[in-house]
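# Descriptive structure summary
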Amino acid sequence: MQQIINFLIRNKHSLLFLLLLFVSIIFTIQSHSYHKSKFVSSTNFISGRIYRWQHSVSDYFNLKSENKRLLEENERLHNIVSAMGVDSISATYVDTTFAKPFSYTKARILKNDYSKIDNYILINKGEKDSIFPDMGIITDKGIIGIVENTSKNYSRVISILNSNSRINAGLKKSNQYGSLIWNGKDPNIVQLETVPRQAILKEGDTIITHGRSTIFPRGIGIGTILNYKLDQNKSYYLIDVKLFNDMTDIGFVYAIKNNNAEEIKSLENLDL
Amino acid sequence: MNRDTLIHIGRFIILILVQVLVLNHINFLGDLNPYIYIIFILLAPININKSLFLLISFILGLIIDIFGDSGGVHAAACLIIAFFRPVALRTVFGLSYEFQTVKLSNIAFGEKLAYVTLMVLTHHIVLFSLEIFNFSHILLIAKKTLFSSLFTIVITTLVLILFRRSDS
């Protein structure tokens, strides 16, 4: 017993080193698997507050480009409304008592990474604004990611530029689909894999979400086909997709809540 | 709580803020960021309690991880350079380290550069190996380590020269 205690005291530095190294390796391994990195997260009170403070300063430098984007989005929405045969927006009557399938909440980006392999985005809305895990995040142009971790005032979004991210996506003109991944190289180009070889592809074709999960509705834009090739087994296409969004420059986003998610999930669980 | 302790605490806080608010968003040539917060570990007093030093380095790395959502990669990298700092000091300064006559704020440029290079390279190798965590990407790890190290070494040496304390 005496010898064990002596050994511990003699090697206390090395033992402390090994213990802390073990803890940090555990954190690292957790961060490389989806939905497990809860503890080390920037959604906590202090870092969220510091990022919010930084954002309140840097906000002013992007006002011009954000204004332009909002005007473009407004223009597009006005065109859609007039194409539906309604002359003035004020003439439409929106029945809010009737259940909408999806509802949108606006949020702002506080921190956006794109230089690492596993990138996360911090937004300024949390559980207080009814943002919860597994909600989709989009901009006016296309998808950004999925909410992974929330606190009271902040949420962490797993960006599509993350090696753990797998999002169902497919072609706009047909029903073939695959899953969207990122190879870690260019922040504006993602990869769509496991699209069956029967699909007819052309460079410049649009890739959209297919609404096969409860996260994104059908038809949210992702990007256009940059180039494509068959994989080694010649059975699936591997497609490079150029994103509509510039992932290095996002200001405001919308979180999508699927109001029927629980109903769909309970139906899916029935046959288990 | 003497003046030196206060200086080290102030340096700890300022380096973290500069790192997370400014330097993590540089993304030079696409994806290069300098990690100069390890200046705290470089300049920690030589006769500091070893366990305390390991603990503080771990916490420093963990704070950077929390801000950057990167799991525990900075914590591990900081811990390793803190543990192997005596080896680096002995390699660079030799006898004058053994007799504890080295003053980190007042050393020749060549020795300073060698010390910084050794520590930064170790830190970045551990950091990017853990961050990418995939041996099929070993070329990417090597590329990121090399270019980021160059960037960090240049900035760190500049900071050390510009903010040298004149009184010692």
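These remarks concern the structure in this document. (Residues numbered from 1 in each chain as written. Chains lettered and ligands numbered in written order. Predicted model: local features only at pLDDT ≥ 70, side-chain atom pairs only at ≥ 80, totals over all residues. Heavy atoms only, no water.)

## Observations regarding a nonpolar patch on the surface
All names here are of chain A. Our working definition: Patch building starts from residues that exceed 30% relative accessible area and form no salt bridge, then joins like charges within 9 Å and nonpolar side chains (Val, Leu, Ile, Met, Phe, Trp, Tyr) within 5 Å. For every accessible area listed, the method is Shrake-Rupley and the probe measures 1.4 Å; residues are considered covered only by the protein chains on display. We count a salt bridge whenever a side-chain nitrogen from Lys or Arg sits within 4 Å of a carboxyl oxygen from Asp or Glu. Strands here are runs of E lasting at least two residues and helices are runs of H or I lasting at least four, both read from the DSSP assignment and numbered beginning at the N terminus.
On the surface, Met-1, Ile-4, Ile-5, Phe-7, Leu-8, Ile-9, Leu-15 and Leu-18 cluster together into a nonpolar patch covering about 800 Å² of accessible area. Looking at the nonpolar patch, the elements that each hand over two or more residues are α1 (2–10) and α2 (12–31). A per-element tally of the nonpolar patch places α1 first, with 5 residues. Take Ile-4: it is sitting in helix α1.

## Overview of the sheet that holds strand β8 (residues 189–196) of chain A
What counts here: Strand pairing is defined by DSSP finding a minimum of two bridges between the two strands. The axes are straight lines fitted to the C-alpha atoms, using for helices just the contacting stretch, and the angles between their N-to-C directions are given from 0 to 180°.
Strand order in the closed barrel formed by 6 strands is β6-β7-β8-β11-β10-β9 (chain A), with antiparallel pairing between adjacent strands. Shown here is a sheet whose adjacent strand axes are inclined to one another by a mean of 40°, direction ignored.

## Quick look at the interface of chain A and chain B
Here is the rule we go by: Here, two residues are considered to be in contact whenever any of their heavy atoms come within 4.5 Å of each other. Summed over both partners, buried area is the accessible surface (1.4 Å probe) that two parts give up on being assembled. Any pair of nitrogen or oxygen atoms within 3.5 Å is treated as a polar contact; in protein, a donor-acceptor pairing is required on top of that, and neighbouring residues in sequence qualify only through side-chain atoms on both sides.
If you look at the interface, chain A gives 33 residues, while chain B gives 36 residues. Of the roughly 3,000 Å² buried between chain A and chain B, counting both surfaces, carbon and sulfur atoms make up 69%. Our count for the chain A to chain B interface comes out at 2 salt bridges. Linking Lys-111 of chain A and Asp-69 of chain B is a salt bridge whose minimum nitrogen-to-oxygen distance equals 3.0 Å. Our enumeration of links across chain A and chain B arrives at 12 residue pairs in polar contact (both at pLDDT 80 or more). Among the secondary structure elements, those contributing two or more residues to the side of chain A that touches chain B are α2, α3 (45–58) and β2 (118–123) of chain A. Top contributing element to the side of chain A that touches chain B by residue count: α2 of chain A, with 14 residues.

## Remarks on a positive patch on the surface
Residues and elements named next belong to chain A. Heads up, the rule is: Counted as positive: Lys and Arg. Counted as negative: Asp and Glu, with His and the chain ends omitted from the count. Charge positions come from single atoms, namely NZ of Lys, CZ of Arg, CG of Asp or CD of Glu. Any residue under 20% of the maximum accessible area for its type is buried, any over 50% is exposed, and the rest in between are partly exposed; the area is computed with a 1.4 Å probe on protein chains only.
On the surface, a cluster of positive charge is made up of Arg-49, Arg-52, Lys-128 and Lys-152. You can see Lys-128 is positioned in the loop between β2 and β3 (136–138). Among the residues examined, Lys-128 registers a relative accessible area of 58% and is labelled exposed.

## Re the environment of Ile-250 of chain A
All names here are of chain A. Counting through the fold element by element, Ile-250 comes out in the loop between β11 (236–243) and β12 (252–258). For the pair Ile-250 and Ile-239, spaced 11 residues apart in sequence, the C-alpha to C-alpha distance is 24 Å. Discounting residues that sit within four places of it in the chain, Ile-250 has contacts with Arg-69, Ile-109, Asn-112, Ile-121, Thr-139 and Ile-144.

## A few points about the layout of surface pockets
Residues and elements named next belong to chain A. As a reminder, the rule being used: Note on definitions: the grid is 1 Å and covers protein atoms alone; a cavity is a set of points where a 1.4 Å probe fits but cannot get out; a pocket is an open set with protein on both sides within 12 Å along at least five of seven lines; lining residues have an atom within 4 Å of a point. Grid points are joined across faces, edges and corners, and a volume is the space filled by probe spheres set on the points. Put simply, Ala, Val, Leu, Ile, Met, Phe, Trp, Tyr, Cys and Pro go in the nonpolar bin, Asp, Glu, Lys and Arg in the charged bin, and everything else, Gly too, in the polar bin.
Approximately 500 Å³ is the volume attributed to the second largest pocket. In terms of lining residues, the second largest pocket is bounded by 20 residues, among which Ser-58, Asn-62, Leu-110, Asn-112 and Ile-250 are the most central. Elements with a contribution of two residues or more to the lining of the second largest pocket: α3, α4 (63–83) and β1 (102–112). The leading source of residues in the lining of the second largest pocket is β1, at 5 residues. Here the lining of the second largest pocket is composed, by residue class, of 4 nonpolar, 10 polar and 6 charged.

## Some points on the packing of aromatic side chains
Our working definition: In this analysis, rings of Phe, Tyr and Trp, with Trp reduced to its six-membered ring, are considered paired at centre separations within 6.5 Å, and the interplanar angle assigns stacked below 30 degrees, edge-to-face beyond 60, and tilted for intermediate values. The rule is short: NZ of Lys or CZ of Arg within 6 Å of the ring centre and within 35 degrees of the ring normal puts a charge over the ring.
Considering all chains together, one arrives at 9 aromatic pairs over all chains under this definition. Summarising the aromatic geometry, the rings of Tyr-228 of chain A and Tyr-237 of chain A are spaced 5.6 Å apart at their centres and angled 85° between planes, so their arrangement reads as edge-to-face. Tyr-237 of chain A sits in the buried class, given a relative accessible area of 14%. Each ring, one from Phe-12 of chain B and one from Phe-40 of chain B, has its centre 5.1 Å from the other, and the planes form 70°; the classification is edge-to-face. Separated by 28 residues along the polypeptide, Phe-12 of chain B in helix α1 (residues 3–21) and Phe-40 of chain B in helix α2 (residues 39–43) bring together distant segments of the chain. Residues Phe-12 of chain B and Phe-40 of chain B agree in their burial class; the two are buried. We note Arg-69 of chain A situated over the ring of Phe-252 of chain A; from NZ or CZ to the ring centre the distance is 4.9 Å. Taking NZ or CZ as reference, Arg-156 of chain A lies 4.2 Å from the ring centre of Tyr-120 of chain A, over its face.

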